[in-house]
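As a plain string of letters, each chain reads:
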Amino acid sequence: MWYQQTLTLRARSRGFHLVTDEVLGQIRDLSRINVGLLHLLLQHTSASLTLNENCDPTVRSDMEQHFLKSVPDGARWEHDDEGPDDMPSHIKSSMLGVSLLLPVNHGRVQLGTWQGIWLGEHRIHGGSRKIIATLQGE
């Protein structure tokens, strides 16, 4: 079986956000899959998806501080059409990626104990974000 739907994440401030419940709560047919895969594709070039710590929020703030230092706003970027956070957002998106492939077993995504789905919002005002969720399995 194959299922596909578009998910919408609410707008968030710049930073890393735990979105596991928001993402998985929108997937209608997840409970129908005994064994399968869930592919998530974030349809944006200035945000990212990644798996990481799902318990301690200081990991997310430390991650944000790391990326603000390593890929700063307002550097001498050639591409700055949408402001000083434009090019840094594209770089961070490419570094972290925009897709995840997750195993599904008995209607549940098989994340590790301390793993959660993060949205990396790299724009100061990024707006809502869309994810294409493709579920395959039996």
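The present account deals with the structure reproduced in this document. Just so we're clear, the structure is a prediction, and the values are computed from it rather than from any experiment.

Moving on, we come to the environment of M1. Relative to the helices and strands, M1 resides in the segment before β1 (2-9). When the C-alpha atoms of M1 and E138 are compared, they prove to be 5.9 Å apart, with 137 residues separating the residues in sequence.

Read across the open sheet, the five strands follow the order β1-β8-β3-β5-β6; overall the sheet is antiparallel. Of all strands in the sheet, those bounded by a partner on one side alone are β1 and β6 (108-109). The sheet contact formed by strand β3 (residues 35-42) and strand β8 (residues 129-137) spans seven bridges and is antiparallel. Bridge pairing links L37 to Q136 in β8.

Moving on, we get to the nonpolar core. Ranked by internal contacts, the top residues of the largest apolar core, which has 22 residues, are V23, I27, L38, L40, I117, I131 and L135. Sorting the residues of this core by element identifies β1, β3, β4 (47-53), β5 (99-105), β7 (115-125) and β8 as the ones contributing at least two each. Ignoring any residue separated from it by four or fewer positions in sequence, one finds L38 in contact with L24, I27, L100, L101, L102, V104, V109, A133, T134 and L135.

Paired through backbone hydrogen bonds, the strands of a sheet run either parallel or antiparallel to each other. One open sheet holds the three strands; their spatial order is β2-β7-β4, and the pairing between them is antiparallel. Two strands lie at the open edges of the sheet, namely β2 (13-18) and β4, each paired on one side alone. Each adjacent strand pair in this sheet contributes to an overall mean axis angle of 20°, direction not counted. Looking at chain direction, β4 and β7 are connected through seven bridges and run antiparallel.

Within this structure, the stated rule accounts for two aromatic pairs. With a centroid separation of 5.9 Å and an interplanar angle of 45°, the aromatic rings of F16 and F67 are classed as tilted. With F16 in strand β2 and F67 in helix α2 (residues 57-70), this pair connects stretches of sequence that are 51 residues apart. What makes F16 buried here is its relative accessible area of 6%. Where F16 meets W118, the ring centres are 5.5 Å apart and the plane angle is 55°; that geometry is what we call tilted. One end of the pair, F16, is in strand β2; the other, W118, is in strand β7, with 102 residues separating them in the sequence. Like W118, F16 is buried.

Per the counting criterion, the structure on display carries eight salt bridges. Taking the shortest distance from any N to any O, the salt bridge between E22 and R12 comes out at 2.4 Å. Residue E22 is located in helix α1 (residues 20-24), and its partner R12 is located in the loop between β1 and β2; the two are separated by 10 residues in the primary sequence. According to the relative accessible area criterion, E22 is partly exposed, its value standing at 21%.

Each value, and the rule that gives it
Residues numbered from 1 in each chain as written. Predicted model: local features only at pLDDT ≥ 70, side-chain atom pairs only at ≥ 80, totals over all residues. Heavy atoms only, no water. Helix = DSSP H or I, 4+ residues; strand = E, 2+ residues; numbered from the N terminus. Pairing = 2+ DSSP bridges. Core = buried A, V, L, I, M, F, W, Y, C linked by side-chain atoms within 4.5 Å. Buried < 20%, exposed > 50% of the residue type's maximum accessible area, 1.4 Å probe, protein only. Contact = heavy atoms within 4.5 Å. Axes fitted to C-alpha atoms, helices over the stretch in contact; angles between N-to-C directions. Phe/Tyr/Trp six-rings, centres within 6.5 Å; stacked < 30°, edge-to-face > 60°. Salt bridge = Lys/Arg side-chain N within 4 Å of Asp/Glu carboxyl O.

Geometric values such as these leave the question of function open.
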